[in-house]
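Okay, here's what each chain looks like letter by letter:
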Amino acid sequence: MIRIAVCLPLASLLLATASLAAVDQTKGQFQDKFRQLDEVLPTANSYRTAGGEPGHAYWQQEVDYEIDVRLNEKKRRIEATQRISYTNNSPDTLRFLWLQLDQNRFKSDSLAERSAAFADRSRRGPAVRDAAAGKPPQLSMDELRRRQFMEDNELGYELPVIRDEQGDLDHVVVGTNLRVDLRSPLAPGDSTAFTIEFAFNMVDENAVSARAGYEHFPDDARKGGNDIFLLAQWFPRLHAYTDYEGWTNKEFLGRGEFTLEFGDYTVAITVPDDHIVSSTGVLQNPEAVLTEVQRERLEQARTAKSPVFVVTAAEALENEKAGSSRSKTWRFQADRVRDFAWASSRKFIWDAQGYQQGGEVQPEVMAMSFYPKEGEPLWSSYSTASVIHTMEVYSRYSFDYPYPVAQSVNGPVGGMEYPMITFNGPRTVLQDDGERTYTLAEKRFLVGVIIHEIGHIYFPMIVNSDERQWTWMDEGLNSFLDALAGWEWDTEIPWNNQPRDIVAYMASENQVPIMTQSDSVLQLGPNAYAKPAAALMILRETILGRELFDFAFREYSRRWMFKRPAPADFFRTMEEASGVDLDWFWRGWFYSTDHVDLSIDRIWKLRLDTKDPDIDYDRRRQEDADKPASVILERNREDGRTWVEKNPKLRDFYDRNDRFTVTNKERNEYRKMLEGLEDWERVALDRALEEDQNYYVLEFSNLGGLVMPILLQLSFADGSTERLDIPAEIWRRNALSVKKLIVTDKELTEVVIDPNWETADTNVDNNHYPRRIIPSRIEAFKSPEREGMEYRDIMQDSKTELETGDD
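Residues numbered from 1 in each chain as written. Predicted model: local features only at pLDDT ≥ 70, side-chain atom pairs only at ≥ 80, totals over all residues. Heavy atoms only, no water.

A. Structural detail: helix α7 (residues 378–397). Relative to the 28 Å expected for 20 residues at 1.5 Å per residue, α7 spans 28 Å between its end C-alpha atoms, a close match to the ideal helical length. Among the 20 residues of α7, 15 are classified as buried, and the element is accordingly described as predominantly covered. (Helix = DSSP H or I, 4+ residues; strand = E, 2+ residues; numbered from the N terminus. Expected span 1.5 Å × (residues − 1). Buried < 20%, exposed > 50% of the residue type's maximum accessible area, 1.4 Å probe, protein only.)

So, in structure tokens, the structure goes:
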């Protein structure tokens, strides 16, 4: 009995835009964006539950290492013997073991070298660049340097001995993999042990970009200069054997990193007598390798309020001058780690500070930094502080840091992580006046990279995801957390992990889904770091809210601490712990290349038709009068009177009464309509008439394909604004276009989608209704240029004297 009729499309305020009308979704176009993800996730089993938790039969292998390694500084060569103890905790009988031989990647006949395309050689970015269209590509000096180094040096492993207690073991080298055939099958629950002797020549990291290697400093006072040695991926390591893949023995091509087994390491590192060593694990023989003063300083650092120098800058500088023909052996013990890395140099300054974490897991952690004079004064100011800050923040979102040390080492590697130790690259610049200065960008880089790499000790060094298969599980999660830690360090630093920072990538065609295997990703930075980090930021801030998200994320971290999660475990845990169905979110953000582009296409203002002719007809008369006058009729009136005006006798009843005149017939019909209403209908009508609300229908279209909540800012004629969040589920029956009714007692004047840029919407121009004028290129050019300001070396430039007119 009650009709809401469309009477006025917000005439002067909200102009309908026919060109942006929503597209109807037909049967042939239907896309189920809310289809349950369990159709593509692995079936739950006794190893991994449907809720994302390790099952009652979950297992993982254990591998323990005893390694004696010697650094030949003159030859830049590693020679070592390792004894490996392998425990088979799987339900399967194993007849062979697979090991990683990462150094073989640098052999000239490796799969990585033979399959490298012309433009994708270097991890730092393309080593070659294509010139303008129609011109031949250009070969960079970096690539020439790399090729010449690899031609001039014999690289890759030498493996003279692979044996057990009974003798040599059959084995086969397959690129960067080594298969060791066991003398007898290894049954579930049994262990085996064998020995490998190995050696290799180290690479020049600055020439090859290898995540490890040496860096030479020819200008040091010592004749021939000095080196910093970073050792990572340096020993044959067992591939992981998993319940979801078996042996994870995919060839190492350089980008996809590692998945390894936890175990205990006992490592003896023999280096020149004057070297300082930073390593995974705890130093077992400080009396043999440190001076009494150094040991006292290290003990003082445990309770210090700021970093204490164990080796001062002056001592390191003096140490650089001579060199030594003698050697020392540093002994380290590391328990329950999945890898082992170390660094050695006579150039190192060393500072340390105890982090009093509290709790039962690891009450005290020694935070330490190792760096040459080329890092000062930046490193002594910010490195160890950044290490401690990272642990403080990450532990709130995951679990207490479980290891006794956390270290940041400066060397040629821009940023890499291993258990208890990280390699970080930023340096300072030596000026003509002898002072070392740095830019604001370099300071931000140092703090940011240390947070990121120390954060990696949590993910994936403890939450042991498969980096080679699913890079986002460590890089994406860690980039999300390092942004949280970064903002807690300094809110003014642009950490660039917000949704607004990825819109250009999201709209680009040169991309693949986040779930793509690492070696096949087209743009690793946006795909594995920025996009998943932004997705988690949206999940926390916009979809779940901080309380639900933080609880679920901590639960995931707790469940998979020292275990090996797969993507399904993360997805399922986040849903189970938050109580929210997120299948549409994972499907859109992680399994597709859709992007966010929501458009508000038109707004209709609806009026309640009361059926009372004295009210409705008068309103329609006013609406008719508000329409723009006809230009043709106005001009005709200006030209002269109409025929009726010239002949007034022709006027009749209809000239005195317009088409909106109410008669008793309509009034009688209205009374009969009221008498025919049910009691509840009359109550509803009376209330609606009394409230006299405004009814608006908003039309939206999904142009990017990725379904998302519709976040609205509503502006009203009285100057007030309101926030209205429409859940993503509004798209469940039509993923292309939807309408939403809004009822308010105020007059709506403007609607904006995602006013705070929370959802990575790639086109904000269609987020406004009425449409806004887009700033022109000229206006944009006139705007103050802010980008790049942090790259000025203000420390140095501030010394410049002001030139006067006389000068």
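Additional details are given in the paragraphs that follow.
B. Looking closely at the pattern of salt bridges. Under the counting rule described, the total for this entry stands at 55 salt bridges. Among the ionic pairs, Arg77 bridges to Glu158, the shortest N-O distance being 2.8 Å. Taken as a pair, Arg77 in strand β3 (residues 77–87) and Glu158 in strand β7 (residues 158–164) lie far apart in primary sequence, 81 residues in all. When its relative accessible area of 34% is taken as the criterion, Glu158 is described as partly exposed. Note that Glu299 and Arg302 form a salt bridge whose closest N and O atoms lie 3.4 Å from each other. Beyond isolated ion pairs, a larger network of salt bridges with shared partners links Glu53, Glu555, Arg558, Arg559 and Glu576. (Salt bridge = Lys/Arg side-chain N within 4 Å of Asp/Glu carboxyl O.)

C. The nonpolar core, seen in detail. Judged by nonpolar contacts, the single largest core of 190 residues is most densely connected at Trp234, Trp342, Phe570 and Trp589. It is α7 that provides the largest number of residues to this core, a total of nine residues. Residues within four places of Trp589 in sequence aside, it is in contact with Ile502, Met506, Ile514, Lys531, Ala535, Ile538, Val596, Leu706, Met708, Thr759 and Ala760. (Core = buried A, V, L, I, M, F, W, Y, C linked by side-chain atoms within 4.5 Å. Contact = heavy atoms within 4.5 Å.)

D. Structural context of the packing of helix α11 (residues 524–543) against helix α12 (residues 546–559). Put simply, α11 and α12 touch, their axes get as near as 6 Å, and they point 130° apart. Accordingly, the angle class assigned to the pair α11 and α12 is oblique. Together, Leu536, Leu539, Arg540 and Glu541 of α11 and Arg546, Phe549 and Asp550 of α12 make up the contact between the two elements. Here the contact of α11 with α12 is built from residues that sort into three nonpolar, no polar and four charged. (Axes fitted to C-alpha atoms, helices over the stretch in contact; angles between N-to-C directions. Parallel < 35°, antiparallel > 145°, perpendicular 65-115°, else oblique. Nonpolar A, V, L, I, M, F, W, Y, C, P; charged D, E, K, R; others polar.)

E. Summary view of the sheet that holds strand β22 (residues 342–345). Ordered by their spatial adjacency, four strands build an open sheet running β12-β13-β22-β18, and the pairing between neighbours is antiparallel. Either end of the sheet is taken by a strand with one partner, and the two such strands are β12 (213–217) and β18 (276–279). The sheet shows a mean angle of 10° between the axes of neighbouring strands, taken without regard to direction. (Pairing = 2+ DSSP bridges.)

F. Layout of the packing of helix α13 (residues 567–578) against helix α14 (residues 583–590). Running from N to C, α13 and α14 point in directions that differ by 145°, and their axes come no closer than 10 Å. By crossing handedness, the relation of α13 to α14 is classed as right-handed. Across from Phe570, Phe571, Met574 and Glu575 in α13, the residues of α14 making contact are Asp583, Trp586 and Phe590. A class-by-class count of the residues in the contact of α13 with α14 yields five nonpolar, no polar and two charged. (Left-handed = near helix turned anticlockwise from the far one by under 90°.)

Read these as geometric descriptors, not functional statements.
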